[in-house]
There are 2 protein chains.
Amino acid sequence: MIKVVFFDLDDTIVDTTKLAEMARRNAIENMVRHGLPVDFDTAYQELLELISEYGSNFSRHFDYLLRRLDLPNNPKWIAAGVISYHNTKFAYLRTVKGVRQVLLDLQRSGYRLGIITDGDPIKQWEKILRLELDEYFGGVFISDHLGVKKPHPKIFRKALRKMGVEPGEAIMVGDRLYSDIYGAKQVGMRTVWFKYGKYADRELEYLDYADFTISSLEELPEILRGLKLEEESEGGSDKEVHAD
Amino acid sequence: MIKVVFFDLDDTIVDTTKLAEMARRNAIENMVRHGLPVDFDTAYQELLELISEYGSNFSRHFDYLLRRLDLPNNPKWIAAGVISYHNTKFAYLRTVKGVRQVLLDLQRSGYRLGIITDGDPIKQWEKILRLELDEYFGGVFISDHLGVKKPHPKIFRKALRKMGVEPGEAIMVGDRLYSDIYGAKQVGMRTVWFKYGKYADRELEYLDYADFTISSLEELPEILRGLKLEEESEGGSDKEVHAD
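On a predicted model such as this, the values are computed, not experimentally measured, just so you know.

Engineer: Go over the packing of helix H1 (residues 16-33) of chain B against helix H3 (residues 61-68) of chain B, please, and point to the residues and values.
Structural biologist: Residues and elements named next belong to chain B. Two numbers describe how H1 lies on H3: the axes approach to 13 Å, and their chain directions differ by 55°. By the angle class used here, H1 and H3 are oblique. Handedness of the crossing formed by H1 with H3: right-handed. In this structure, H1 contributes Ala27, Ile28 and Met31 to the contact, and H3 contributes Phe62, Leu65 and Leu66. Its residues assigned to classes, the contact of H1 with H3 comprises six nonpolar, no polar and no charged.

As structure tokens, this is what we get:
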């Protein structure tokens, strides 16, 4: 019987990718506004290339952007980018559509909820606290604390142990087939792939590890009701067998 | 004749110290609110001690605060501190009383304005741009770019050269007797000590380098009018001499 529902954070609970795109666009716009001598499209494309090469870790992107554009290292332009980037991230941080209602539904149905996520622990907690989501979750597990990344089993096992459940009593919901779905399945959990955002058509070689696929989180309560009914009917037939 | 008025940035143009204090208080308050198992006063005093030992550079303060309080490194508490710290810094960034009116007055009277400041160039530009102060200033000179700190003469000489004036044609306004006043005087500029904030009673051994002392920026236009009259009357007697 499922007792705990685990969620990935980015692009499952929090609408991270959409926000990051908005923040980057606004950053470039403000840099151009403050004198960056390049048109918006050129600068934005260069930034996207840079991010795909260096990863989305933010700290030195605007710095490197100027180098790539053969421009002097002008702190005014960088500051203009940083301001708009941060303002956007603070003002437009949002949950994925339907999240709060689903979390509430699941809690009311008696499920305990957890988060299993990669990323910088302080930044991940910033998102959770800014959105006031911490009340919903009985446990937040961030892989960096253990020196691993999903799909490493260590983070999943720790989450199960701390929540006091067996793998068969937990289900993992996440947008990434590799880190979330393959990772959770490896330790024996049920899995729900949330086909959403930039990973909606990637890592499909791990599709077999998904027990369910949803395109809206609102489908989740129905899946859990289905699993419960299934187990109850199995439990029922077990009893009949024992009664014999 | 004075042609350029240079200002220090922190605690002269921007009310930095007041803001930092507010931000730190709000940070501790939010950490306690999110479960930091220490009372406000204990945590706040510890933070102030830490800052006086490690300097006000922010990045690892909350981290170290937990260590000093013998508490586990809980990213939720750190995130709570970081959020309130940043929210406060963004929401309450203010100019020192009277700044905008004075800058406008000086511009109207034909003076060109500049900033000579220490600090991280991007962070300094962030303050200038967030407060939309950049329109007032013909030059912003940040010592970090040159690998020095005020009172090193290099930063003052560069500012003079870039603004195209001789030392005798410039006046420096700042809250620190050592870095601003002694520094500017060393290269031959006039100096106005703005007796304000936490340096209002420090570094008094450099008081002799201040040509003027003010406790409100609103006294500045009057000082400049006085200097102008003085120079005109001197210029007048010069002419009479030459006419002989």
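Engineer: Give a description of the pairing of strand S4 (residues 170-174) of chain B that names residues and reports values.
Structural biologist: Residues and elements named next belong to chain B. Among the five residues of S4, five are classified as buried, and the element is accordingly described as predominantly covered. Bridging between S4 and strand S5 (residues 190-194) involves four bridges; their strand directions are parallel. When the sheet's bridge partners are listed, glycine 174 is paired in S5 with tryptophan 193.

Engineer: Break down the environment of histidine 152 of chain B for me, citing the residues and quoting the values.
Structural biologist: Residue and element names in this part refer to chain B. Here histidine 152 lies in the loop between strand S3 (139-142) and helix H7 (153-163). Given a relative accessible area of 37%, histidine 152 falls into the partly exposed group. Spatially, the C-alpha atom of histidine 152 lies 19 Å from that of glycine 164, the residues being twelve residues apart in sequence. Within the local environment of histidine 152, its side chain forms a polar contact with the backbone nitrogen of lysine 154, the two atoms lying 3.1 Å apart.

Engineer: An account of the domain arrangement of chain A is requested, with residue identities and associated values reported.
Structural biologist: All names here are of chain A. Domain annotation of chain A identifies domain 1 (4-15 + 95-243) and domain 2 (17-91). In this structure, domain 1 and domain 2 have C-alpha centres spaced 34 Å apart. Taken together, the contact between domain 1 and domain 2 spans five residues of the former and four residues of the latter. In this assembly, domain 1 packs against domain 2 so that about 450 Å² is buried in total across both faces, 40% of it on carbon and sulfur atoms. On the domain 1 side of the interface with domain 2, the three residues burying the most area are Asp11, Asp15 and Arg130, jointly 71% of the side's total. Summed over the shared surface of domain 1 and domain 2, the number is one salt bridge. The interface formed by domain 1 and domain 2 holds two residue pairs in polar contact (both at pLDDT 80 or more) in total.

What counts, and at which threshold
- Residues numbered from 1 in each chain as written.
- Chains lettered and ligands numbered in written order.
- Predicted model: local features only at pLDDT ≥ 70, side-chain atom pairs only at ≥ 80, totals over all residues.
- Heavy atoms only, no water.
- Axes fitted to C-alpha atoms, helices over the stretch in contact; angles between N-to-C directions.
- Helix = DSSP H or I, 4+ residues; strand = E, 2+ residues; numbered from the N terminus.
- Parallel < 35°, antiparallel > 145°, perpendicular 65-115°, else oblique.
- Left-handed = near helix turned anticlockwise from the far one by under 90°.
- Contact = heavy atoms within 4.5 Å.
- Nonpolar A, V, L, I, M, F, W, Y, C, P; charged D, E, K, R; others polar.
- Buried < 20%, exposed > 50% of the residue type's maximum accessible area, 1.4 Å probe, protein only.
- Pairing = 2+ DSSP bridges.
- Polar contact = N/O pair within 3.5 Å; in protein donor to acceptor, adjacent residues only side chain to side chain.
- Domains from an automatic or database assignment.
- Buried area = accessible area lost by both parts, 1.4 Å probe.
- Salt bridge = Lys/Arg side-chain N within 4 Å of Asp/Glu carboxyl O.

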